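# Coordinates in review
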Amino acid sequence: MTERDELHPLSRRVFLLASGALAIALTGCDRSELASNGATKPPLMPDQLDSFLAVGPDGMVTVFYGRIDGGQGLETSIAQMVAEELDVPFERVRMVMSDTARTVNMGGASGALGVSRSGMHLRSCAAEARKLLLEMAGDALGVPADSLSVTDGVIRTSGGDTTISYAQLIGGKHFDAKLTWNGEYGNDLVVSGKAKIKEPSQFKIIGTSPRRKDLPLKVFGRLDMVNDVRLPSMLHARMIRPKVAGAVPVGVDESSIADIPGARVVRIKDLLAVVAPKEWNAVRAAERLRVTWSESHPNFPGHDKLHDHIRSAPVIARRIETENGSVDEGLRNAARVIEGEYEFPTQSHASLGPACGIADVKNGEATVWTSTQKPHYARDGIADLLGLPPEKVRAIWMFGTGSYGRNDQGDATADAAVLSQHLGVPVRVQYMRHEGLAWDPKGTASVSRNRAGIDASGKVIAYENIGKAFSRLNTATNEGGAAHVLAGHLLGVPLEPEQSFNVPIASYTFDHKRIGWEVIAPLMERASPLRTTHLRDPYGPPILFGSESFIDEVAAATSTDPVEFRLRYLSHPRDREAVRAAAEKYGWDARPSPRNTQRNADVATGRGIAFRRHFETFIALVAEIRVTRSTGVIEPLRYVCAHDVGLIVNPETLRHVIDRQLVYGTSRTLFEEVRFDENMVTSVDWLTYPVLHMNSVPQSIEVHLIDRPESAPSGAGEMALGLVPAAIGNAVFDATGVRLRRVPFTPERVKAALA
Amino acid sequence: MAERFTLTVNGAAHAIEVDDPSMPLLYALRDELQFNNPRFGCGLGQCGACTVHLDGRAVRSCTVPVSAAANAKITTLAGLGTPETPHKLQTAWIEEQVSQCAYCINGWIMTAAALLEEKPKPSDEEIKTALSDLICRCGTHGAAFRAVKRVVES
């Protein structure tokens, strides 16, 4: 696709056909799915090459990618990987993402696995397609396939005198070729062809930095998002939520909205909404509707006492993930035992756009337009909720607000589906700001308990790290069942919570170590505004704030430089190189923390380091900050991040992804905490859920990429951000000698800690 | 009772009839006229996602009543520039590869464009102050600043 085509005003725009049917117009795109010879496309199964790739009569390659791109550039990187293996120009590859009728379930957005899993599978598919095309060309030209070469989708004989293009060979037709499939879907899906993928030495497109495909459309205001879908006869809906968690409607005074044109109440069991043909009338009706709610006394502990609650609450599930040697014996034999606790708050996805979903349910079929990260699961969940077979539900993913985890998009889509089924017309649900903060599924608060035993020589001989929290799976990480959306809760479906938290990877080689987690019961079982699930880098920030702050604490207790301390106990070469590279690029001055010279200064600067491994991603972050004792304000001055993700597909996009997530991580470190009282979440807007603004952005962020073309690519979409809380906390300790033990590091809290 | 207004958006006049003249401009643009650039973010004027120009001034269309916009020239992001004749900021936004999800993009580009219209060579502090009331959840603040700076220095 040329750049001009990308920018065609109609490309990717949703519009209404004269018939009233909705079409997603992808300029010139769908032709490749129509077989010009009339052959039918094989069924959309993962063992079919045609399920992943198509070559159009114009030579355009369409990739059917069963995940999504929330704006971090996956659409571009995946296209590069396919273009590389197919030997076609990157510009000639276009992507269809997560439409359940056109893509197989590859997992949606999950665990930053887009490149490392699905990208690699699609590389194999593309290599297979190239091999089949060479075989077809060999047959057509009467020469051996292995004597042919490909440039830009044109196959050439060895003498170069005869050529045949991919488009001529298969344009508009189907491969009808089988892949090897492991029988799984989602993140566990594995497909491969027989062809070998390229060696790094052969790369022409992987490792280069073409610009993001989606960005011109966004910059010129030509990309329609899920919010912009409009259907004939569509009603706008607003959900009505109680002021006290757990309350359900017992009486609704419909006369309170009688004068608002077209406004109606919809009540299905405990699910309450207003609808109107005009959006503003739905908003007004929601504000004005008089509802009598049932008595409810949630007795939440409130955000200020939440960590006391977590400490004292009974453990309902527990797992030790790593146990080496005997920690108890190590602690007994230690000359000195150091203990440290760290508290992380409840945080909201706080998407900039409150969730929006559109559903059209009729004649026993449903179509939904959604911006959930996992549309295939949303399809299954909506089928469950509506009592339809999954094959009668189509979920079409569209760009939308950045979600960064299991946010509320799937909830809004499910609400729309329930309302549309009930009303028999298409329904668009748009949550309001207060819902986007008070009612989205949350990232859990936690208490990280740490102990270390040190022998007489200063060596760490025992180490324990236990994270205690609400379950990260109280609500599932996808919307694959009615139990996992708010609508299901309000309609009374049986709930299916799972109990799990997680631990940092046990990179440090201590003789005796125990690393585990404990989970406590949710504060409210059903329709809780505090239900917990995955928030971007699920469990990373809470567990790493604890573990990497504590490592620093032990280093300080043994008067050891924090970098040297880490290197002393890290053995994996990639762990060590990440730490070394970050320190070296920063210009780290080796000395124990704190810097004693500024003990009494009002304004002090410091530097801190934090490290993690996640999957095969190895990251170290140095943060330099300035803290003012009299105000408690922390200013991030400079971040240096060393980042080893294995093979790098698009270096510039990767840099941007890391840069942006470090800024986001700063927001979660300095500002973000869901506030609530005994009755309800009180964070309902950007004043009561403060987030980072321009004035708190680090003055400089340097990203040092460690390229390992021979290693498989790992993920990069979220791992660096989890280091920010500990890196800043350690820097504040370096500056002041005071350790911050509770995120967010608000001025009030910092001032109190430093007093 | 319904009231009629004429809104001039990106150079063309559009007649609308609204049930409530205090309805925010955002709903007139999106729901009545299908100008989808301004986005609903908060409805409280706190985030900037709904920003448009009203006679060249950056305003948050979620807090401006439609009645107050009837005689003004309204410009949305798509009206600021096109791929053929881009606004300098749009070019810089692509050069710097600023946005991720871009739900916030109207706030940043329209606010920065109004600033540069008023003051073509703002200082770093002036740029930061002008952009200080905008929210982005992808963390593109630094990149947005660099894009504006790129235009200032061009």
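The numbers attached to residues start from 1 for each chain and follow its sequence in the written order. Whichever chain is written first becomes A and whichever ligand is written first becomes 1, with later ones labelled in order. In keeping with the predicted nature of the model, local features appear solely for residues at pLDDT of at least 70, side-chain atom pairs appear and are counted solely at 80 or more, and the whole-chain, interface and lining totals rest on all residues.

Strands are runs of DSSP state E lasting at least 2 residues, helices are runs of H or I lasting at least 4, and numbering of each runs from the N terminus. When helices and strands are tallied, chain B shows six helices and five strands. Along the chain direction, N to C, the helices and strands of chain B fall in the order β-β-α-β-β-β-α-α-α-α-α. Overall, the C-alpha framework of chain B stretches about 50 × 30 × 25 Å when taken along its three principal axes. Three exposure classes are used, based on other C-beta atoms lying within 10 Å of a residue's own C-beta, which is placed from the backbone: buried for 20 or more, exposed for 12 or fewer, and partly exposed in between. In chain B, buried positions account for 56% of the 154 residues.

A few words on the domain arrangement of chain A. Residues and elements named next belong to chain A. Where each domain starts and ends follows an automatic or database-derived domain assignment. Taken domain by domain, chain A comprises domain 1 (3-223), domain 2 (228-296 + 350-436), domain 3 (303-348 + 441-520) and domain 4 (540-754). Centre-to-centre, using C-alpha coordinates, domain 1 lies 39 Å away from domain 4. A pair of residues counts as a contact when their C-beta atoms, built from backbone coordinates, are separated by no more than 7 Å. Every contact between the two is made by 18 residues of domain 1 and, on the other side, 17 residues of domain 4. Of all the secondary-structure elements, those providing two or more residues to the side of domain 1 that touches domain 4 are helix H2 (74-86) and helix H3 (114-141). The classification used treats Ala, Val, Leu, Ile, Met, Phe, Trp, Tyr, Cys and Pro as nonpolar, Asp, Glu, Lys and Arg as charged, and all other residues, Gly among them, as polar. For the side of domain 1 that touches domain 4, the class distribution of residues is seven nonpolar, 10 polar and one charged.

Residue and element names in this part refer to chain B. On domain assignment, one finds that chain B holds domain 1 (3-79) and domain 2 (80-152). Computed over C-alpha atoms only, the centres of domain 1 and domain 2 are separated by 21 Å. The partner domain 2 presents 14 residues to the 16 residues of domain 1 that form the contact. At the level of secondary structure, the elements contributing two or more residues to the side of domain 1 that touches domain 2 comprise strand S3 (51-54), strand S4 (57-60) and helix H2 (77-80). Residue contributions to the side of domain 1 that touches domain 2 peak at three residues, all from S3. Of the residues contributing to the side of domain 1 that touches domain 2, the split by class is seven nonpolar, seven polar and two charged.

Time to look at the sheet that holds strand S3 (residues 53-55) of chain A. Residue and element names in this part refer to chain A. Paired strands, as defined in this entry, are two strands with at least two bridges between them according to DSSP. In spatial order, the strands read S3-S4-S5; together these three strands make up an open sheet with mixed pairing. Strands at the two margins of the open sheet, each flanked by one partner only, are S3 and strand S5 (93-97). Averaged over neighbouring strand pairs, the angle between their axes works out to 20° when direction is ignored. Axis angles are defined between N-to-C directions and span 0 to 180 degrees, where every axis is a line fitted to C-alpha atoms and, for a helix, only to the segment in contact. The strands touched by H2 are strand S4 (61-65) and S5; relative to S5, the strand with the most contacts, the crossing angle is about 130°.

The next point concerns the environment of Ser351(A). Position of Ser351(A) relative to the elements: it lies in the loop between strand S18 (347-348) and strand S19 (356-362). A tally of 25 C-beta atoms within 10 Å means that Ser351(A) is categorised as buried. On a C-alpha basis, the gap between Ser351(A) and Asp440(A) in space is 9.3 Å, while along the polypeptide they are 89 residues apart. Setting aside residues no more than four positions away along its own chain, Ser351(A) makes contact with Thr401(A), Gly402(A), Ser403(A), Asn407(A), Gly436(A) and Arg137(B).

All names here are of chain A. Of all 12 residues making up strand S27 (residues 603-614), 10 are buried, and the element is well covered by its neighbours. Pairing between S27 and strand S28 (residues 617-628): 12 bridges, direction antiparallel. Counterpart to Arg607 in the pairing with S28 is Glu624. Remark: two residues form the turn of the hairpin made by S27 and S28, two consecutive strands paired antiparallel; Phe615 in that turn has positive phi of roughly 50°.

Here the focus is the confidence of the model for chain A. Along the chain, pLDDT gives the predictor's confidence residue by residue, from 0 to 100. A residue-level look at chain A finds 95% of positions with pLDDT of 70 or above and a mean pLDDT of 94. Segment residues 1-38 of chain A: pLDDT under 50, and 66 contacts once partners within four positions in sequence are set aside and those in other chains are kept.

So, on to the nonpolar core. Soluble globular proteins: nonpolar side chains tend toward being buried together. In this usage, the nonpolar core is the set of buried Ala, Val, Leu, Ile, Met, Phe, Trp, Tyr and Cys residues whose C-beta atoms join them within 7 Å. One finds Val63(A), Val274(A), Ala582(A) and Leu621(A) to be the most contacted residues of the largest nonpolar core, which totals 275 residues. Sort the elements by how many residues they give to this core and H3(A) lands first, with 10 residues.

We now examine the packing of H2(A) against H3(A). Residues and elements named next belong to chain A. It is at 8 Å that the axes of H2 and H3 come closest, and there the two elements cross at 30°. Regarding the angle of H2 to H3, the classification is roughly parallel. As H2 runs across H3, the sense of the crossing is right-handed. Between H2 and H3, the contacting residues are Leu74, Ser77, Ile78, Met81, Val82, Glu85 and Leu86 on the first element and Gly114, Val115, Gly119, Leu122, Arg123, Ala126, Ala127, Ala129 and Arg130 on the second. Considered class by class, the residues forming the contact of H2 with H3 number 10 nonpolar, three polar and three charged. In what follows, roughly perpendicular refers to angles from 65 to 115 degrees, roughly parallel to angles under 35, roughly antiparallel to angles over 145, and oblique to any angle outside these ranges. A clockwise turn of the near helix away from the far one marks a right-handed crossing, whereas an anticlockwise turn of less than a right angle marks a left-handed crossing.

Moving on, we come to the interface of chain A and chain B. Where interface size is quoted, it is often the accessible area lost as the parts come together. Of the residues lining the interface, 47 residues belong to chain A; the matching set on chain B comes to 46 residues. If you list the elements that add at least two residues to the side of chain A that touches chain B, you get helix H5 (215-219), helix H6 (279-288) and helix H16 (651-670) of chain A. With seven residues, H16(A) is the single largest residue contributor to the side of chain A that touches chain B. Residues that form the side of chain A that touches chain B fall into these classes: 18 nonpolar, 15 polar and 14 charged.

On to the environment of Ala712(A). Residues and elements named next belong to chain A. Counting through the fold element by element, Ala712 comes out in the loop between strand S30 (700-706) and helix H17 (724-736). By C-beta crowding, Ala712 is classed as partly exposed, having 14 other C-beta atoms within 10 Å. Taking the C-alpha atoms as reference points, Ala712 and Val115, 597 residues apart in sequence, are found 9.8 Å from one another. In contact with Ala712, other than residues within four places in its own chain, are Ser116, Met120, Glu616, Gly646 and Leu647.

On to unusual backbone geometry, then. All names here are of chain A. Here the bond from Ser593 into Pro594 is cis, since omega is 0°, no more than 30 degrees from zero. Within the secondary structure, Pro594 is located in the loop between helix H15 (573-586) and S27. In this structure, the amide linkage connecting Val743 to the following residue, Pro744, adopts the cis form with an omega of 0°. Positionally, Pro744 belongs in the loop between H17 and helix H18 (747-754). Look at Asn299: it is not a glycine, yet its phi comes out positive at around 50°. Tracing the backbone shows Asn299 in the loop between strand S15 (290-293) and helix H7 (306-312).

A few words on helix H14 (residues 562-569) of chain A. Within H14(A), the full set of buried residues consists of Pro562(A), Val563(A), Phe565(A) and Arg566(A). Relative to the axis of H14(A), the buried residues are bounded by an arc of 160° and lie together on one face. To be clear, the arc concerns the directions from the helix axis to the C-beta atoms.

Let us look at the sheet that holds S4(B). Within a sheet, each strand pairs with its neighbour through backbone hydrogen bonds, oriented either parallel or antiparallel. All names here are of chain B. Here five strands make up an open sheet; going across it, the order is S2-S1-S5-S3-S4 and the pairing mixed. Each edge of the sheet is formed by a strand with only one pairing partner; in this case those strands are strand S2 (12-18) and S4. Put simply, the sheet's adjacent strands are angled 40° from each other on average, direction ignored. Note: strand S1 (residues 3-9) against S2, seven bridges, orientation antiparallel. Among the inter-strand pairings, Thr6 is bridged to a residue of S2, identified as Ala15. Along the sheet face, helix H4 (residues 105-118) touches S3 and S4 and points at about 30° away from the line of S3.

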